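Observations on the three-dimensional arrangement
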Amino acid sequence: MPFHSPLMTHEEYEQSRRLLGPWFIGLSLEFILYGILLAQFQTYYQHYKDDRRWLKLVVAGLFITQLLKSIHSFVTCWIQFVAFFTDLQGAIFLSYTEWWQSAFTLIDASCGLYVQAYFLYRLYIICRKWWVIVIIIAVLIFSYISIIIATILIAEAKFNLIARWFAGHYSGVLAGDILIAACTAYFLLTQTKKAILPQTRNLIFALIKLSIQCAVPAVIIAALNLAFSQVYDGTVDLTSVIFNMVLVRVYACSMMFVLNSRRSIVRAHGTSASETISECRTDRLATNTIGTHKTRGQARGSDLELGIQVHTGTLQHTEMHDIELPKMHNIDSKLGPDRHDEQEYSIHEKDLDRNTVDITVR
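Summary of the structure given here.

Rules used throughout
- Residues numbered from 1 in each chain as written.
- Predicted model: local features only at pLDDT ≥ 70, side-chain atom pairs only at ≥ 80, totals over all residues.
- Heavy atoms only, no water.
- Helix = DSSP H or I, 4+ residues; strand = E, 2+ residues; numbered from the N terminus.
- Buried < 20%, exposed > 50% of the residue type's maximum accessible area, 1.4 Å probe, protein only.
- Contact = heavy atoms within 4.5 Å.
- Areas by Shrake-Rupley, 256 points an atom, 1.4 Å probe, with all protein chains shown as cover.
- Salt bridge = Lys/Arg side-chain N within 4 Å of Asp/Glu carboxyl O.
- Axes fitted to C-alpha atoms, helices over the stretch in contact; angles between N-to-C directions.
- Parallel < 35°, antiparallel > 145°, perpendicular 65-115°, else oblique.
- Nonpolar A, V, L, I, M, F, W, Y, C, P; charged D, E, K, R; others polar.
- Expected span 1.5 Å × (residues − 1).
- Patch = residues over 30% accessible without salt bridge, like charges linked within 9 Å, V, L, I, M, F, W, Y side chains within 5 Å.
- Polar contact = N/O pair within 3.5 Å; in protein donor to acceptor, adjacent residues only side chain to side chain.
- Phe/Tyr/Trp six-rings, centres within 6.5 Å; stacked < 30°, edge-to-face > 60°.

With respect to the overall build of the protein chain
A tally of regular secondary structure across the protein chain gives twelve helices and five strands. Buried positions account for 51% of the 362 residues belonging to the protein chain. Considering only residue pairs separated by 6 or more positions, the protein chain has 73% of its internal contacts joining residues 24 or more positions apart. Here the protein chain has roughly 17700 Å² of accessible surface; of this, 64% comes from carbon and sulfur atoms.

See below:
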């Protein structure tokens, strides 16, 4: 018994399966991941109400772009499978005749670029090296320009050139993801050589692990997207559409996973006051800072997204600004007595030669 309508020829069935089927599968997976993403948004706004305003605006922007992306995907598939239910060829050629479908990959690339910009900012906060950021930005710009050109070629039906520019786009996305993840892990790893407190080293390794966990799914999907886009002719098989639709959600989930992991990282790798003071007395010329504020005399900013950064130096005066928890609701602090759900703690060790320690709870 055939698995398709007797009104369809075998050729029509193959066209439907290869050119329309991937859209249906991609939409299904996209909405599953969107449900996970909504749970991530809920977690963020429930536990991080005291984040900086600009960061909350960035998350709000991500929420809006992902919502619009869901609407666009749903409408696209509705038109394909319902409005063109009796017109198979018309549904297939929507990719070349309607801008909202021919620009589908461009829209996905724009959503992905939003998240990549966040991870680039995070990388800059960690490394403070503009040349690294500029190189990665150049790769991402090439990728984005490539998909713009590919979209124009789709509208002009220049099929012999489309595959090349799609390859350029997907290659740029893959290279950008790998560079961001590798550079983030590398510059965090270099901090372990400067860190003196074992708690600080454990914290850095936790961040490295987090960076890898967030990067691997996106890199794998981007690689599959590139591979399938080149293995199959886009006029014959659109399997790559599945990975393209999923990649946008994976980017967004990765960003929210990083933001929502701050509580668990601080709780798992937080440093107690007594342990910190003991370590500081062991090496009186060392300074380690974990926190969200700049130490005196330092121009470097802090990793605002994670609320964690490490500074090391050689000073006669040691000031530990905030071994300080990010302001979060319902978190049990390891650095002092329970007072409120939101507390900040900082430890200052002054005049180390006199062993005078001042512990302040703000």
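So, the pattern of salt bridges
Scanning the model with the defined rule gives seven salt bridges in all. Note that lysine 69 is salt-bridged to aspartate 108, the shortest N-O span being 3.1 Å. In this pair, lysine 69 sits in helix α2 (residues 53-83) while aspartate 108 sits in helix α6 (residues 104-127), placing the two residues 39 residues apart along the sequence. The two residues lysine 69 and aspartate 108 agree in class, both being buried. Residues joined in a network through salt bridges with shared partners are Glu14, Arg17, Arg18 and Asp237.

Describing unusual backbone geometry
A positive phi is found at arginine 128, a non-glycine position, where the angle reads about 55°. One can find arginine 128 in the loop between α6 and α7 (130-155).

Examining the packing of helix α8 (residues 159-192) against helix α9 (residues 198-231)
Where α8 meets α9, the axes come as close as 9 Å, and the angle between the chain directions of the two elements is 170°. As far as their axial angle goes, α9 and α8 are roughly antiparallel. The residue inventory of the contact of α8 with α9, partitioned by class, reads 21 nonpolar, eight polar and two charged.

Examining α7
Between its first and last C-alpha atoms α7 spans 37 Å; for 26 residues at 1.5 Å apiece the expected length is 38 Å, and the two agree. Within α7, burial applies to Val132, Ile133, Ile136, Leu140, Ser143, Ser146, Ile147, Ala150, Thr151, Leu153 and Ile154. Where α7 is buried, its residues meet α4 (94-97), α5 (99-102), α6 and α8. Of the residues one or two after α7, alanine 157 is the one with positive phi, at around 60°.

Some remarks on a nonpolar patch on the surface
Taken together, the side chains of Phe31, Leu38, Phe63, Ile64, Leu67, Leu68, Ile71, Phe74, Val75, Trp78 and Val82 define a hydrophobic patch exposed on the protein surface, amounting to about 970 Å² of accessible area. Listing elements by their share of the nonpolar patch, those giving two or more residues are α1 (10-47) and α2. Ranked by the residues each element gives to the nonpolar patch, the list is headed by α2, at nine residues. Turning to its location among the elements, leucine 38 is positioned in helix α1. By relative accessible area, leucine 38 is classed as partly exposed at 36%.

Here we look at the environment of phenylalanine 205
In this fold, phenylalanine 205 is placed in helix α9. The spacing of phenylalanine 205 and leucine 188 is 17 residues in sequence and 7.9 Å in space, taken between C-alpha atoms. In this structure phenylalanine 205 touches Leu189 and Thr192, once residues within four positions along its chain are discounted.

Re the side chain of threonine 184
Considering the arrangement of structural elements, one finds threonine 184 in helix α8. Within the structure, threonine 184 has its side chain in polar contact with the backbone oxygen of isoleucine 180 (distance 2.7 Å). Residues contacting threonine 184, with those up to four places away along its chain left out, are Arg122, Leu123, Ile126 and Ser211.

Examining the environment of isoleucine 154
When you line up the elements, isoleucine 154 lands in helix α7. According to the relative accessible area criterion, isoleucine 154 is buried, its value standing at 8%. Note: C-alpha distance between isoleucine 154 and tyrosine 96 (58 residues apart in sequence) is 5.9 Å. Once residues lying within four places of it in the same chain are set aside, the contact partners of isoleucine 154 are Ser95, Tyr96, Ser102, Ile162 and Phe166.

Points about the packing of aromatic side chains
What the rule picks out here adds up to 16 aromatic pairs. Geometrically, the ring pair formed by phenylalanine 31 and tyrosine 34 is edge-to-face, given 6.4 Å between the ring centres and 80° between the ring planes. On the criterion of helical spacing, the pair formed by phenylalanine 31 and tyrosine 34 is a turn pair, its members being three residues apart in helix α1. Judged by its relative accessible area of 9%, tyrosine 34 falls in the buried class. Where tyrosine 44 meets tyrosine 45, the ring centres are 5.1 Å apart and the plane angle is 85°; that geometry is what we call edge-to-face. For tyrosine 44, a relative accessible area of 0% gives the class buried. On the basis of relative accessibility, which here comes to 35%, the residue tyrosine 45 falls in the partly exposed class. An aromatic cluster of three or more residues is present, and its members are Phe31, Tyr34, Phe74 and Trp78.

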